[in-house]
Amino acid sequence: MGQALLRLCAEQEGCQVVAAVATRVGQRVVDGVPWFTAAELGGVPDFDVAVDFSTASAFDAVLELCRTRGRALVSGTTGLSEAQHETMQTAATAIPVLWASNFSLGVALLHELVERAARVLPGWDCDIVETHHVHKQDAPSGTALTLGDAAGEGGAQARYASIRAGDVVGEHSVLFTTAGERIELAHRATNRDIFASGALHAARLLAGRPPGMHRLRDLLQPHRA
């Protein structure tokens, strides 16, 4: 994701990477971008929005940096604990924060469709099946869990099934089933660039927004009107 963010940002007008951060760093400057280790996070230059696709163990430091500097945070880091989500909610009283388990614009729309289906189909079974590559560690995926939250907002109780196979980028199917009929809502990602592109799009929309926990689907709403 980091490499995709760097590559896609370089191709977009009005997008500039002021620093890249990784656990370990080889070259200090690559294609004009200064690199910092995670231990040097506090020394990065000023920025408008931090885009974070790290790990749960690294997330707290990124959030604290944004809070301290009064800068916005876009994060796609999954596997966060309940305490970390609560800390993020607290930080959002001072800075704009957007956390999403999936930055595909299609998945953002899928959340709305799932919530709507759950509302108009009370009593139907709701099952979420997600498939990812064999190296993905968390299961169910963060995207599946947030789809389950969307179903819950509509009054349904989701059940989950996870498949780890091959090099699948990401597939999510939400099935609403009752006697005699079934509705299936699905999203399939075939290129990881969609997540980086969506995160950069979210960063541009979040810059300058007031403090608060923002949702990707809400930021996109004017663009679908």
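Residues numbered from 1 in each chain as written. Predicted model: local features only at pLDDT ≥ 70, side-chain atom pairs only at ≥ 80, totals over all residues. Heavy atoms only, no water.

Enquirer: Got a minute to help me understand the overall build of the protein chain in this structure?
Expert: Counting its secondary structure elements, the protein chain contains seven helices and 11 strands. For the protein chain, the C-alpha radius of gyration of 18 Å lies close to 17 Å, the compact-globule estimate for 225 residues. Taking all 225 residues of the protein chain together, 42% fall into the buried category. Pairs at least 24 apart in sequence give 64% of the contacts found in the protein chain among residues at least 6 apart. Carbon and sulfur atoms make up 50% of the accessible area of the protein chain, which amounts to about 11900 Å² in all. For the protein chain, the distance from the average position of its 19 positive side-chain charges to the average position of its 25 negative side-chain charges is 2 Å. (Helix = DSSP H or I, 4+ residues; strand = E, 2+ residues; numbered from the N terminus. Rg over C-alpha atoms; globule rule 2.2 N^0.38 Å. Buried < 20%, exposed > 50% of the residue type's maximum accessible area, 1.4 Å probe, protein only. Contact = heavy atoms within 4.5 Å. Areas by Shrake-Rupley, 256 points an atom, 1.4 Å probe, with all protein chains shown as cover. Lys, Arg positive; Asp, Glu negative; His and termini not counted. Charge placed at Lys NZ, Arg CZ, Asp CG, Glu CD.)

Enquirer: Would you take a moment to explain the state of the cysteines for this structure?
Expert: Here a disulfide denotes a covalent bond joining the sulfur atom of one cysteine to the sulfur atom of another. In this structure the tally under the stated criterion is one disulfide. Here Cys9 pairs with Cys15 through a disulfide, and the sulfurs are 2.0 Å apart. Residues Cys9 and Cys15 share a disulfide whose torsion about the S-S bond is about -110 degrees; that sign makes it left-handed. Taking the relative accessible area as the measure of exposure, Cys9 reaches 3% and is therefore buried. Relative accessible area serves as the criterion here: at 22%, Cys15 is assigned to the partly exposed category. (Disulfide = S-S within 2.5 Å.)

Enquirer: Can you help me understand the layout of surface pockets in this one?
Expert: To find the voids left in a structure, one rolls a probe of water-molecule size over its atoms. Volume-wise, the second largest pocket comes out at about 630 Å³. In terms of lining residues, the second largest pocket is bounded by 25 residues, among which Trp99, Ala100, Ser101, Thr146 and Asp149 are the most central. Contributing elements (two or more residues each) for the lining of the second largest pocket: α3 (82–91), α4 (105–120), α5 (142–153), β11 (212–214) and α7 (216–224). It is α5 that provides the largest number of residues to the lining of the second largest pocket, a total of six residues. Split into classes, the residues belonging to the lining of the second largest pocket amount to 10 nonpolar, 10 polar and five charged. (1 Å grid on protein atoms, 1.4 Å probe; cavity = no way out; pocket = protein on both sides within 12 Å on 5 of 7 lines; lining within 4 Å. Points joined across faces, edges and corners; volume = space filled by probe spheres on them. Nonpolar A, V, L, I, M, F, W, Y, C, P; charged D, E, K, R; others polar.)

Enquirer: Please clarify how α5 should be interpreted in this entry.
Expert: An ideal rise of 1.5 Å per residue puts 16 Å on 12 residues; α5 measures up with 17 Å between its terminal C-alpha atoms. The set of residues buried in α5 consists of Gly142, Thr143, Ala144, Thr146, Leu147, Gly148, Ala150 and Ala151. Elements in contact with the buried residues of α5: β6 (96–99), α4, β7 (125–132), β8 (158–164) and β9 (170–178). Downstream of α5 by a residue or two, Gly155 has a phi angle that is positive, lying close to 100 degrees. (Expected span 1.5 Å × (residues − 1).)

Enquirer: Looking at this structure, I do not really get the environment of Glu86. What am I missing?
Expert: Its location among the elements puts Glu86 in helix α3. Sequence spacing of Glu86 and Gly26 is 60 residues, and the spatial spacing of their C-alpha atoms is 35 Å.

Enquirer: Just to check I follow, could you spell out the pairing of β6 for this structure?
Expert: On any regular strand, side chains alternate: one points to one face of the sheet, the next to the other face. Residues Pro96 and Leu98 line one face of β6 and the alternating positions Val97 and Trp99 line the opposite face, and both faces are buried. Where strand β5 (residues 72–75) and β6 come together, three bridges link them in parallel fashion. Each bridged residue has a counterpart across the sheet, and for Leu73 the counterpart in β6 is Val97. After leaving β5, the chain enters α3 and then returns to the sheet as β6, a path that is right-handed. Here β6 runs beside β11; their pairing, made up of three bridges, is parallel. Bridging across to β11, Pro96 finds its partner in Gly212. (Pairing = 2+ DSSP bridges. Right-handed = clockwise from strand over helix to strand, strands pointing away.)

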